[in-house]
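Letter by letter, the chains look like this.
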Amino acid sequence: MAASETASRPGGDRGPWLLPIFPTIMIGLFFVIPFVLIVAVSVAHQYPEGYYEPAFELTHFRRFLKSIFINTALFSVGVAALVASICLVLGFPFTYFITRLPRRAQVLWLVYILAQLSLSEVLIAFSWQVLLSKTAGVANILVWVGLLEKSVSFYPSFGAVLLALTYLVLPFSVLILYPALSRLEPEVTEAARTLGASPVRTFFTVVVPIMRPPIVATGITMFVFTLGAVLVPQVLGRPQHWTLSVLITDQAVFQSNMPFAAALAIFLLTLSMALVGLTIWINRRYEVKA
Amino acid sequence: MLDLSLIDITKQFGQVTAVSDVNLHLDGGNMVSFLGPSGCGKTTLLRMIAGLDLPTRGHVRLGDRDLTHTPAHQRNMGMVFQSLALFPHLSVGDNITYGLKIRGTSRDERASRAEQLLELVRLPGIAGRHISQLSGGQRQRVAIARALALEPDVFLLDEPLSALDANLREAMQIELRQLQQRLGITTIVVTHDQGEAMTMSDLVVVMSDAQVQQVGPPLEIYRRPANTFVADFIGTSNLLPGRMEAPGRVLVAGRSFEISRGGDDVPPDSEVTVLVRPEEVHVLPDHQDGPNRLPGSVDFIRDIGATVEIIVDCAGEKVTSMMTPKDRPSAEVGAQVTVEFPAGACIVLRD
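Computed from a predicted structure; not experimentally measured.

### Examining the overall build of chain B
Regarding its fold elements, chain B presents nine helices and 20 strands. With the principal axes as the frame, chain B shows a C-alpha extent of 80 × 45 × 35 Å. Per-residue burial for chain B yields a buried fraction of 42% across its 351 residues. When contacts within chain B are restricted to residue pairs at least 6 apart in sequence, long-range pairs at least 24 apart make up 65% of them.

Here it is in structure tokens:
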């Protein structure tokens, strides 16, 4: 059917086929080939001198059965889930608040949040390092107002890692939630009001449930973003606060063990894909039930 | 049923005045229409009654209670929104009983209430369905059932039928009116459709430019419009410019017309408008002189079966006459005719 229809249009039949070829080639070049290379390197043979040769061995994959890597992986997942949750708890009400503002105020807020994205992870990590330091940090202000005896350094600590990671990914959560929340009809919340629901009740019984799909999408995105953060845990955390991404960087750059770094990267990728898949699956089941 | 009073209500959005000094007293148990073109302030007025907008000045009273500062969720008013605003994440039954759940009604009672309300709107047995599975007309009914679930003091509807196609809309107008009469609930409908207002209401409030132009029963509004805006907005009208000669006499297009209604308080020599409804205008063949008659030529004939509309050009004024086919004169387009405006059908309106 479709074939005969396209054939009947002289000259135009190749257009629809040619169109996706360019993007397909680009994706192939920039995503598939590097991934294949990573897979190839992860099974290569590593020499103690720090170089590797093509081979097929699973030594590197066997290595993370050692508890340190399993622990780091679990810790990374936990941190990422925690940061994603904090982002939703803070970002969702905040974004909802923005969408209820007049148009001009909304634009100003969005410009401000977009501007935050120009700060790289490097800048954010080192800025927080300064802010949390003993000599130039917020501790001095706390001493000044009398909340602290003398200035202290708030890093390295788990709190510092959490704070900076949240700061890093929060703007993204607002930008992902904004389109969905701004499309929420005000009449839907007003209907809940006329039916006796207070504003807070309306928020939890109408706004949040209607927005479940964008909330899930944002949670997943924040989770994956946080898993990929390298500098913040390294700069603001103790070695036990290092995530899998830090270990991968460490193996690749400082230990010169490319195959093991590649194997860890594949493990991280598989882990996040599995968790994202699980979330989507649970979400689907919930949707079918509802 | 409690009476609803709006006292000196004014609403300003920045520099724009949406509603200006509205005073209305609506009897309990009546069905009232707020009728007017878009942007006349009728929806804003309704939203102030519901508590979704706060008036800049004035008071809303229900019975002897002042509701002006009562938040929307404590007012007990059922509202059907223009977009219907059904909750997409809930089933039909859960939509209808949302308010009951907020009040802490038990699950069993909610289920039986939902079924009861669905029967009321003639949709029995669909409580378990999802909103996305319903047709436009069904959604309409679910929205009505939801608004009635809490047995509200006042039932508010904002352009409730505008999304439906013409046939369904007319059927729903009658059904809504019958439902309202059966429940005896004070009801306010916002509409821009005069037919809808005429069909459904005990009282019509005609609005334009943020102000109430006239309040009255539908037929009175049609027969005795207070001004040219109301005359033009309700039904089709022939509006002829004239000059007051003496009480009961108006000069129209150089001829003296006898007028039996209106203009008693208009001083002679002032500019007025004479309103004649098309169904009262007679078209006679050829030129026949006489009182309340104007000569003219037929401009257009619209014969749509049940009625015939003849548009006559009387020295630049387009006059529309509507009649049944059996009264139709044997006139063709371009023919010279005489248009008669019976004295009893002419109403003088001050500009």
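Now, onward.
### Some points on helix H6 (residues 166-183) of chain B
Residues and elements named next belong to chain B. For H6, spanning 18 residues, the distance from its first C-alpha to its last is 26 Å, which sits close to the expected 26 Å at 1.5 Å a residue. Residues of H6 that are buried: Met-172, Gln-173, Leu-176, Leu-179 and Gln-180. Each buried residue of H6 lies within a common arc of 140 degrees when the element is viewed along its axis, so the set occupies one face. For H6, exposure combined with an orientation more than 90 degrees from the buried face picks out Asn-167, Ile-174, Gln-178 and Arg-182. Elements in contact with the buried residues of H6: strand S3 (31-35), helix H5 (136-148), strand S8 (186-191) and helix H7 (194-200). One or two residues past the end of H6 sits Gly-184, with phi positive at roughly 65 degrees.

### With respect to the packing of helix H9 (residues 158-182) of chain A against helix H12 (residues 212-227) of chain A
Residue and element names in this part refer to chain A. Viewed as axis vectors pointing N to C, H9 and H12 meet at an angle of 155 degrees, and their least axial separation amounts to 10 Å. As the angle between them shows, H9 and H12 are arranged roughly antiparallel. Handedness of the H9/H12 crossing: right-handed. Facing H9, whose interface residues are Leu-165, Val-169, Phe-172, Ser-173, Ile-176, Leu-177 and Ala-180, H12 presents Pro-214, Ala-217, Thr-218, Thr-221, Met-222, Phe-225 and Thr-226.

### So, the pairing of strand S19 (residues 336-340) of chain B
Residue and element names in this part refer to chain B. With four bridges connecting them, strand S15 (residues 282-285) and S19 associate as antiparallel partners. Pairing of His-282 across the sheet is with Glu-340, part of S19. With five bridges joining them, strand S16 (residues 293-303) and S19 adopt antiparallel strand pairing. If you follow Leu-294 over to S19, its bridge partner there is Val-339.

### Regarding the sheet that holds S8(B)
Residues and elements named next belong to chain B. Pairing within the open sheet is mixed, and its six strands lie in the order S6-S7-S8-S3-S9-S10. Edge positions in the sheet fall to strand S6 (77-80) and strand S10 (211-216), since each of these pairs with one other strand and no more. Each neighbouring strand pair of the sheet contributes to a mean axis angle of 15 degrees, computed without reference to strand direction. Sheet contacts for H5: S6 and strand S7 (154-158); angle to S6, the most-contacted strand, approximately 170 degrees.

### Considering the nonpolar core
Formed by 155 residues in total, the largest nonpolar core has its most connected members in A:Ala164, B:Ile49, B:Leu156 and B:Val274. Among the elements that take part in this core, H9(A) stands out by supplying 14 residues, more than any other. Looking at which domains feed residues into this core, each of domain 1 (4-227) and domain 2 (236-350) of chain B gives three or more. In contact with B:Leu156, other than residues within four places in its own chain, are B:Leu46, B:Ile49, B:Ala50, B:Met77, B:Gly78, B:Met79 and B:Ile188.

### Side note on the packing of helix H10 (residues 186-194) of chain A against helix H11 (residues 199-210) of chain A
All names here are of chain A. Two elements in contact, H10 and H11, have axes separated by 10 Å at closest approach and are oriented at 135 degrees. Comparing their axes, H11 and H10 come out oblique. Here H10 runs over H11; the crossing is right-handed. Residue-level inspection shows Val-188, Thr-189, Ala-192 and Arg-193 of H10 in contact with H11, the latter providing Thr-202, Thr-205, Val-206 and Val-207. The residue inventory of the contact of H10 with H11, partitioned by class, reads four nonpolar, three polar and one charged.

### A word on the domain arrangement of chain B
As far as domains go, chain B holds domain 1 (4-227) and domain 2 (236-350). One C-alpha centre belongs to domain 1 of chain B, the other to domain 2 of chain B, and the line joining them spans 39 Å.

### So, the sheet that holds strand S13 (residues 255-258) of chain B
Residue and element names in this part refer to chain B. Spatially, five strands are ordered S13-S12-S11-S14-S20 in an open sheet, and the strand pairing comes out antiparallel. Either end of the sheet is taken by a strand with one partner, and the two such strands are S13 and strand S20 (347-350). Averaged over neighbouring strand pairs, the angle between their axes works out to 45 degrees when direction is ignored. As defined by bridge partners, strand S12 (residues 249-252) adjoins S13 across four bridges and the pair is classed as antiparallel. Looking across to S13, one finds that Val-250 is bridged to Phe-257.

### With respect to the confidence of the model for chain B
When pLDDT is averaged along chain B, the result is 91; 100% of the residues meet or exceed 70. Scoring the predicted complex yields pTM 0.80 and, for the interface, ipTM 0.84.

### Quick notes on the interface of chain A and chain B
Counting from both sides, the interface comprises 16 residues of chain A and, opposite them, 18 residues of chain B. Of all the secondary-structure elements, those providing two or more residues to the side of chain A that touches chain B are H10 and H11 of chain A. Classifying every residue of the side of chain A that touches chain B gives eight nonpolar, three polar and five charged.

### Let's talk about the environment of B:Leu161
Within the secondary structure, B:Leu161 is located in the loop between S7 and H6. The residues contacting B:Leu161, other than those within four sequence positions of it, are B:Arg169, B:Met172, B:Gln173 and B:Glu196.

Calculation criteria
- Residues numbered from 1 in each chain as written.
- Chains lettered and ligands numbered in written order.
- Predicted model: local features only at pLDDT ≥ 70, side-chain atom pairs only at ≥ 80, totals over all residues.
- Helix = DSSP H or I, 4+ residues; strand = E, 2+ residues; numbered from the N terminus.
- Buried ≥ 20, exposed ≤ 12 C-beta atoms within 10 Å, placed from the backbone.
- Contact = placed C-beta atoms within 7 Å.
- Expected span 1.5 Å × (residues − 1).
- Arc of directions from axis to C-beta.
- Axes fitted to C-alpha atoms, helices over the stretch in contact; angles between N-to-C directions.
- Parallel < 35°, antiparallel > 145°, perpendicular 65-115°, else oblique.
- Left-handed = near helix turned anticlockwise from the far one by under 90°.
- Pairing = 2+ DSSP bridges.
- Core = buried A, V, L, I, M, F, W, Y, C linked by C-beta atoms within 7 Å.
- Domains from an automatic or database assignment.
- Nonpolar A, V, L, I, M, F, W, Y, C, P; charged D, E, K, R; others polar.
- pLDDT = per-residue confidence, 0-100.

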